[in-house]
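# Descriptive structure summary
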Amino acid sequence: HATLREIRRNPEGILIAQRAFEEFVTSHDFRLPREVLYTGCGSSHFLSQPLAMATTRLAGRGFSAPCSELLYSREWYPIGRPELLVAISRSGETTEAIKALDALNVPRFALTAYESTLSKKADYALIVPATEESVVMTHSFTAFYFAFIQLLLHSRGLETYDAGLVKSLTEEVLGREEHIREIVNGFDFRNVIFLGSGILYPVALEAMLKMKEMALFWSEAYQTFEVRHGFKSIADGGTLVVLLVDEPFKWHEKLTKEFQGQKARVLTVGRHDAGADYFIEVPGLSPPANVVLYLPVIQFLAYYKAVERGLNPDRPRFLSKVVTW
Ligand code: F1P
């Protein structure tokens, strides 16, 4: 499958991203402003969320909304006074993303894989050529994220990440592929709940989408401890709970026990196992780049669930690579 090849290309995506970032900053005298509004559709929207969070964290204000909300319901959102609109689209041809560029009267920035309608229409374009055959976004998500985080750090006068190091840590995570396949094949779960907090929450959302897109499979995502407030009633012996966490503390262990008490099984993805049934270790890397190391894990999970269900994740039913209208 193209999808599998593309997931395995995550480390290469880091280098593609680094090259795109370096080319961009050498050819443009550009700094990201303090207040930035991010938008996209589907995976590109879930990518806009951690970018907005990182912007807020790194001495600024970031906000994200799906393109369609920006177009038709923006009066309901605290958009603030953005100085730049960043539209994200792998294809650069998604109707809503192209239209969203015109939603506000501010400078426009495109983050995309191609010279496209979006890149040509925007005032600035960061083209990260992590191109994909599959309908679903995998390594392109990672590459777009890393390239933009580098640009953000550079814009704030902060030290950028060592791309070679991030690439080798990503390779280490790819080494977990067989273990992930065994977990998926060893437990025939009927539904899956992804949990993440802070910048790992949008990773949980992306994981939920990957499961739906690739494996046509029932999945949910919550901010980690929010799941206890009603939502956990659906978890039983047929449930896999995937806990994404850099540094677990007591509450994570308690949460794991609570789910195990309901006969659900817990998979921790992170630095320590927090008492879970399964554990995928992710090497240490400071936020916001740590996100990069979780992405191949959630992509492999969805991929192997799809294969187990006899589906072709390259061409999921009812979906198309570019959504136009
Ligand atoms: C956005 C998107 C993808 C999704 C599917 C349909 O595409 O929603 O995230 O996986 O392929 O399109 P794009 O605007 O990033 O090209």
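### Some points on the site of the ligand
In the neighbourhood of the ligand, 14 residues make up the surrounding shell, with Ser44, Ser89, Ser91, Thr94 and Glu213 lying closest. The contact in question runs from an oxygen atom of the ligand to an N or O atom on the backbone of Ser43, over 2.9 Å. A distance of 3.4 Å is found between an oxygen atom of the ligand and a backbone nitrogen or oxygen belonging to Lys321. Expressed as a share of its isolated accessible area of 380 Å², the protein-covered part of the ligand is 94%.

### A look at the side chain of Ser89
By secondary structure assignment, the location of Ser89 is in strand β3 (residues 84-89). Within polar-contact distance, the side chain of Ser89 engages the side chain of Ser91 at 3.4 Å. In contact with Ser89, not counting residues within four places along its chain, are Ser44, Thr94, Ala97, Leu111, Thr112, Ala113, Leu118 and Phe144.

### Re the nonpolar core
Of all hydrophobic cores here, the largest spans 91 residues; its most connected members are Leu126, Val128, Phe148, Leu151 and Phe194. Counting residues per element, this core draws most heavily on helix α12 (residues 291-308), at 13 residues. Both of domain 1 (2-162) and domain 2 (175-308) provide at least three residues apiece to this core. Counting 13 residues, the second-largest nonpolar core is a separate cluster that includes Ile193, Ala235, Leu243 and Phe259.

### Quick notes on helix α2 (residues 10-27)
An ideal rise of 1.5 Å per residue puts 26 Å on 18 residues; α2 measures up with 26 Å between its terminal C-alpha atoms. Among the residues of α2, Asn10, Pro11, Gly13, Ile14, Ile16, Ala17, Gln18, Ala20, Phe21, Phe24 and Val25 are the ones counted as buried. For α2, the elements touching its buried residues are α1 (2-8), β4 (108-112), β5 (124-127), α7 (139-155), α8 (163-174) and α12.

### Some details on the sheet that holds strand β9 (residues 265-270)
One key point about sheets: their strands pair by backbone hydrogen bonds, in either a parallel or an antiparallel sense. Reading across the sheet, the five strands line up as β7-β6-β8-β9-β10 and stay open at both edges, with parallel pairing between neighbours. Of all strands in the sheet, those with a lone pairing partner are β7 (219-223) and β10 (278-281), marking the two edges. Sheet twist, expressed as the mean angle between neighbouring strand axes with direction ignored, is 20 degrees. Of the pairings in the sheet, the one linking strand β6 (residues 191-196) to strand β8 (residues 239-245) comprises five bridges and is parallel in character. Residue pairing for β8: Ile193 is matched across the bridge by Val241. In this fold helix α9 (residues 177-186) packs onto β9 and β10, with an angle of close to 160 degrees to the strand it touches most, β10. This element, helix α10 (residues 201-215), spans β6, β7 and β8 of the sheet and lies at about 175 degrees to β7.

Parameters at a glance
- Residues numbered from 1 in each chain as written.
- Predicted model: local features only at pLDDT ≥ 70, side-chain atom pairs only at ≥ 80, totals over all residues.
- Heavy atoms only, no water.
- Near = heavy atom within 4 Å.
- Polar contact = N/O pair within 3.5 Å; in protein donor to acceptor, adjacent residues only side chain to side chain.
- Areas by Shrake-Rupley, 256 points an atom, 1.4 Å probe, with all protein chains shown as cover.
- Helix = DSSP H or I, 4+ residues; strand = E, 2+ residues; numbered from the N terminus.
- Contact = heavy atoms within 4.5 Å.
- Core = buried A, V, L, I, M, F, W, Y, C linked by side-chain atoms within 4.5 Å.
- Buried < 20%, exposed > 50% of the residue type's maximum accessible area, 1.4 Å probe, protein only.
- Domains from an automatic or database assignment.
- Expected span 1.5 Å × (residues − 1).
- Pairing = 2+ DSSP bridges.
- Axes fitted to C-alpha atoms, helices over the stretch in contact; angles between N-to-C directions.

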